[in-house]
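Structural characterization, general
Listed below, chain by chain, are the residues.
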Amino acid sequence: MKRFLTLLILTSLLFGQDAKTLYLFELEDESEYVGELIADTPDNVTIKRMDGSVVNIPAYKVIKRTKIDESQWDQESGEIIFGNLHDSRYFFSPSAFALEKGEGYSMNAYSIYWAFQYGVADNFSLGAGASFIGLTSLQAKYTVPSNTKDFNFAVGWFWVGFPLLDENKSIINIPFAVSTWGDKEKNISLGFGLNIEADKNPLVLNVGGTNRMSRSTALVFELWGFNYTSYSYYDVYNEGGWAGTSYNTRTNTLIYGGPGVRVLRKKTKKRLFGIFKQNNYAGSNVIDFQIFFSHTDGMTIGPFPMIGASRRF
């Protein structure tokens, strides 16, 4: 009996030490603590940090607590490695990962083009974008449910044009399919589509990929290639004078994209002197730096820096 009790005590000590429930605590001064919750009262929160120290924090200062897996803690850097919350796209092109119902993001490039995407149902999302020059985009994506861990497949539709113009409203009108190999931190995607607006050779090719380098940075790459049709209008005259307007069409090949870096911001940010707060998960806000180029009609523009920002909600 004594041997049994001794074995029971030793077993509980050995295995009880591994049963940690860890939390990420975010405070109103934008500082963070990762550790075990020792005590929780209306007045104070007691935390045993990962270095073994114990801190007592007034409860009103803790604006958010998130349960995390112990494997997310990087002992070497002393930081939590949070997951990629912007896995459904690269800089602009889609991956096959889905936005679930109620999830979404907003993004901008140079603060002159703004877009958003929102999960209206599980695995199905809708989005739109616009710029001050009237350029507008609409998009939809459905991710096919799969039990395969490292492969995802999605279909969708992407439209770009000037809806306020009387003519040539549509520039790009692409039904597409995209496949993604890998997990949300390291993957590559290959997409195919047809630009209905191209008068010949409508095939659209797109490749994208990302590789998480650290808690705060990821390498991102994307490249597009497709044909589009441009129109040039001219007046027609006959012996009686002006007879109307006609046009010529021309097929252009456009290749654009490039590599870059995504910076994942981890802290909760305060706005308007702390009156309103963004209560987001770590990594929900990112800043993108892309080396961008565009090649069409024998002319190359770039490379030049493209700067954008995105927020997950």
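Please read these numbers as outputs of a predicted model, since none were measured by experiment.

What the protein chain contains, in helices and strands, is one helix and 21 strands. Across the protein chain, every contact between residues at least 6 apart in sequence was considered, and the portion connecting residues at least 24 apart equals 47%. Per element, the accessible surface of the protein chain, about 18100 Å² overall, is 60% carbon and sulfur.

With that settled, the discussion passes to the sheet that holds strand E4 (residues 54-58). Spatially, the five strands line up as an open sheet ordered E4-E3-E2-E1-E5, and their pairing is antiparallel. Every interior strand has two partners, whereas the edge strands, E4 and strand E5 (62-68), have only one. Mean inter-strand twist for the sheet, computed between neighbouring axes without regard to direction, equals 45°. By the bridge criterion, five bridges tie strand E2 (residues 32-40) to strand E3 (residues 44-49) in an arrangement that is antiparallel. Directly across from leucine 37, in E3, lies its bridge partner isoleucine 47.

Counted under the stated rule, the structure contains 10 aromatic pairs. Each ring, one from tyrosine 23 and one from phenylalanine 25, has its centre 5.9 Å from the other, and the planes form 45°; the classification is tilted. Here tyrosine 23 falls in the partly exposed class, since its relative accessible area comes to 21%. When its relative accessible area of 0% is taken as the criterion, phenylalanine 25 is described as buried. A cation over an aromatic ring shows up here: arginine 89 above the ring of tyrosine 105, its NZ or CZ 4.3 Å from the ring centre.

Per-chain confidence: the protein chain averages 83 in pLDDT, with 82% of residues scoring 70 or above. Mean pLDDT values for the elements of the protein chain range from 44 in helix H1 (residues 2-16) up to 97 in strand E14 (residues 186-194). The model gives residues 4-17 a pLDDT under 50, and that stretch makes one contact with residues more than four places away or in other chains. Counted against residues more than four places away or in other chains, residues 271-279, with its pLDDT under 50, gives 14 contacts.

We now examine the environment of methionine 306. Mapping methionine 306 onto the fold places it in strand E21 (residues 299-312). In sequence terms methionine 306 and isoleucine 291 are 15 residues apart; their C-alpha atoms lie 6.2 Å from each other.

Considering only enclosed or pocket space, the largest pocket measures out at about 1100 Å³ in volume. Forming the walls of the largest pocket are 39 residues, and the residues nearest its centre are Tyr113, Leu135, Tyr256, Phe292 and Met306. Elements that contribute at least two residues to the lining of the largest pocket include exactly strand E8 (104-109), strand E11 (136-144), strand E12 (151-161), strand E13 (170-182), strand E16 (217-238), strand E17 (241-265), strand E20 (285-296) and E21. In terms of residue count, the dominant contributor to the lining of the largest pocket is E21 (eight residues). The class makeup of the residues in the lining of the largest pocket is 27 nonpolar, nine polar and three charged. Of the pockets and cavities examined, the second largest pocket occupies roughly 340 Å³. Forming the walls of the second largest pocket are 18 residues, and the residues nearest its centre are Asn84, Asp87, Phe97, Ala98 and Lys184. By residue class, the composition of the lining of the second largest pocket is three nonpolar, six polar and nine charged.

Mapped onto the fold, asparagine 206 is located in strand E15 (residues 203-212). Using a relative accessible area of 6% as the deciding quantity, one classes asparagine 206 as buried. Looking at asparagine 206, its side chain comes within polar contact range of the main-chain oxygen of leucine 223, at 3.1 Å.

Residues Tyr110, Ile112, Phe132, Ile133, Met213, Leu219, Val261, Phe289 and Ile307 make up a contiguous nonpolar surface patch of roughly 880 Å² in combined accessible area. Within the fold, isoleucine 133 resides in the loop between strand E10 (124-131) and E11.

Cut-offs applied
- Note on numbering: residues in each chain are counted from 1, in written sequence order.
- Under the rules for a predicted model, residues below a pLDDT of 70 receive no local features and side-chain atom pairs below 80 are neither given nor counted, while totals for whole chains, interfaces and linings still include all residues.
- Working from all heavy atoms in the structure, the side-chain values ignore hydrogens and water.
- Helix and strand assignments come from DSSP, with helices taken as H or I runs of at least 4 residues and strands as E runs of at least 2, each series counted from the N terminus.
- Contact between two residues is taken to exist if any of their heavy atoms lie within 4.5 Å; hydrogens are not considered.
- Under the convention used here, a 1.4 Å probe and the Shrake-Rupley method define accessible areas, while residue burial counts only the protein chains that appear.
- The pairing criterion for strands is at least two bridges between them, as found by DSSP.
- Angular values range over 0 to 180 degrees, each being the angle between N-to-C directions of two axes fitted as lines to C-alpha atoms, with helices fitted over their stretch in contact.
- Only the six-membered ring of Trp is used, alongside the rings of Phe and Tyr, when aromatic pairs are assigned; centres must lie within 6.5 Å, and planes under 30 degrees apart are stacked while those over 60 apart are edge-to-face, with the rest tilted.
- Note on exposure labels: buried denotes an accessible area under 20% of the residue type's maximum, exposed denotes more than 50%, and partly exposed covers the range between, all computed with a 1.4 Å probe on protein chains only.
- The rule for a charge over a ring is simple: NZ of Lys or CZ of Arg within 6 Å of the ring centre, and within 35 degrees of the ring normal.
- The predictor's confidence in any single residue is recorded as pLDDT, a number from 0 to 100.
- The method works on a 1 Å grid over the protein atoms by themselves. A cavity is a set of points holding a 1.4 Å probe that cannot get out, a pocket is an open set with protein on both sides within 12 Å along at least five of seven lines, and residues with an atom within 4 Å of a point line them.
- Grid points are joined across faces, edges and corners, and a volume is the space filled by probe spheres set on the points.
- Just so you know the grouping, Ala, Val, Leu, Ile, Met, Phe, Trp, Tyr, Cys and Pro go in nonpolar, Asp, Glu, Lys and Arg go in charged, and all remaining residues, Gly too, go in polar.
- Counting of polar contacts relies on pairs of N or O atoms within 3.5 Å, with two restrictions inside protein: one atom must be capable of donating a hydrogen and the other of accepting it, and residues adjacent in sequence are counted only when both atoms are side-chain atoms.
- Only residues above 30% relative accessible area that lack a salt bridge enter a patch, with like-charged residues linked at up to 9 Å and the nonpolar side chains Val, Leu, Ile, Met, Phe, Trp and Tyr linked at up to 5 Å.
- Whenever a carboxyl oxygen of Asp or Glu lies within 4 Å of a side-chain nitrogen of Lys or Arg, that contact is scored as a salt bridge.

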